[in-house]
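# Geometric and topological summary
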Amino acid sequence: MSARVGVITFPGSLDDRDAARAVRLADAEPVSLWHAEGDLLGVDAVILPGGFSYGDYLRAGAIARFAPLMEKLVAAARDGLPVLGICNGFQVLCESHLLPGALTRNVGLHFVCRAQRLRIENVETAWTSDYEEGQEVVIPVKNMDGCYVADEETLEELESSGRIVARYLDVNPNGSLNDIAGICNEAGNVVGLMPHPEHAVEALTGTSTEGLGFFTSVVKKLVHA
Amino acid sequence: MARFIVEVMLKPEILDSQGQAVARALPRLGFEGVTQVRQGKRFEIEVEGPADEAATERVRKMAETLLANPVIETFELRAE
């Protein structure tokens, strides 16, 4: 039986279909989840996709965080359910306090959309085990509020405990502290990532296929669990 | 009916790139002598009943829960 990976759609989500396609290409079954429902339908993992939930009103992710399904997700994530938040999903995870810190307006104040070189630094998480430590990949970034900020103590803790999952190379596209592109929670089941691995899963449409590893990682973990 | 004002600002240590952009634009318009601009949000909230302690506490809770993100922002609350 293949693993079932849920993708939550909020009003204003854009990349839910791409995320579902990436799940399919990783040989798992994508399950569409609607934010207003109260049931995770027994999925084995969840992806919070990119986009502009609730039009980014108030703060990116601030309103989505209180969606009925998010309450269930927060509890499930604390119990170990693998959760990947991509871009807007990363913002929702920070607003939900499943991940520390916050994402603020890009330093340059422009929407940034580019093929971005990254270094994968933590391959112990549920979503990165198919990469090699230090592996460099090219994955698109496209965001308006991608500047990762946290207080010094939090940053120090993330750095010293190896919870920086991915870091920007060459150019820091949004001013994120310590070039942070992605982080994880203490247990490693919750990962937030500003770049979009679901846009780098097929040669036809991506700058690379190097994003697929995020999805195959979790599927392998679920199949072997 | 009670009316409350909640003002939300980024914490001083958080980079305010929008405020900086405004500060850079002002001299170009001939407004000299601006040393800093910080940009925030103002909410006007009307609630049923008097502006008593209980109402103030409820609005404070709203600000902590939704209006401000305590990780990066602070807020000030007053009845008007």
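Structure shown above.
Residues numbered from 1 in each chain as written. Chains lettered and ligands numbered in written order. Predicted model: local features only at pLDDT ≥ 70, side-chain atom pairs only at ≥ 80, totals over all residues. Heavy atoms only, no water.

## A closer look at the pattern of salt bridges
Applying the stated criterion across every chain, the model contains 20 salt bridges over all chains. Among the salt bridges present, the one from E159 of chain A reaches R167 of chain A, with a minimum N-O distance of 2.9 Å. You can call E159 of chain A partly exposed: its relative accessible area is 30%. Residue class for R167 of chain A comes out buried when judged on its relative accessible area of 13%. Linking K41 of chain B and E73 of chain B is a salt bridge whose minimum nitrogen-to-oxygen distance equals 3.6 Å. Pair noted here: K41 of chain B is in strand β2 (residues 40–47) and E73 of chain B is in strand β3 (residues 73–79), with a separation of 32 residues, a long-range link. A network of salt bridges, in which partner residues are shared, links R3, R42, E44, E46 and E80 of chain B. (Salt bridge = Lys/Arg side-chain N within 4 Å of Asp/Glu carboxyl O. Buried < 20%, exposed > 50% of the residue type's maximum accessible area, 1.4 Å probe, protein only. Helix = DSSP H or I, 4+ residues; strand = E, 2+ residues; numbered from the N terminus.)

## Side note on helix α2 (residues 53–67) of chain B
Structurally, the α-helix is built with 3.6 residues per turn, so residues lying three or four positions apart point the same way. All names here are of chain B. Look at α2: 19 Å from first C-alpha to last across 15 residues, which is about the 21 Å you get at 1.5 Å a residue. Taken together, the buried positions of α2 are occupied by A55, V59, A63 and L67. Buried residues of α2 fall within an arc of 85 degrees about the axis and therefore sit on the same side. Structural note: α2 exposes E53, A54, R58 and K61 on the side pointing more than 90 degrees away from its buried face. Where the residues of α2 are buried, they touch β1 (2–10), β2 and β3. (Expected span 1.5 Å × (residues − 1). Arc of directions from axis to C-beta. Contact = heavy atoms within 4.5 Å.)

## Considering the nonpolar core
Judged by nonpolar contacts, the single largest core of 72 residues is most densely connected at I47, Y148 and F215 of chain A. Among the elements that make up this core, the one with the highest residue count is helix α2 (residues 68–78) of chain A (six residues). Counting 13 residues, the second-largest nonpolar core is a separate cluster that includes F4, I45, A55 and L67 of chain B. (Core = buried A, V, L, I, M, F, W, Y, C linked by side-chain atoms within 4.5 Å.)

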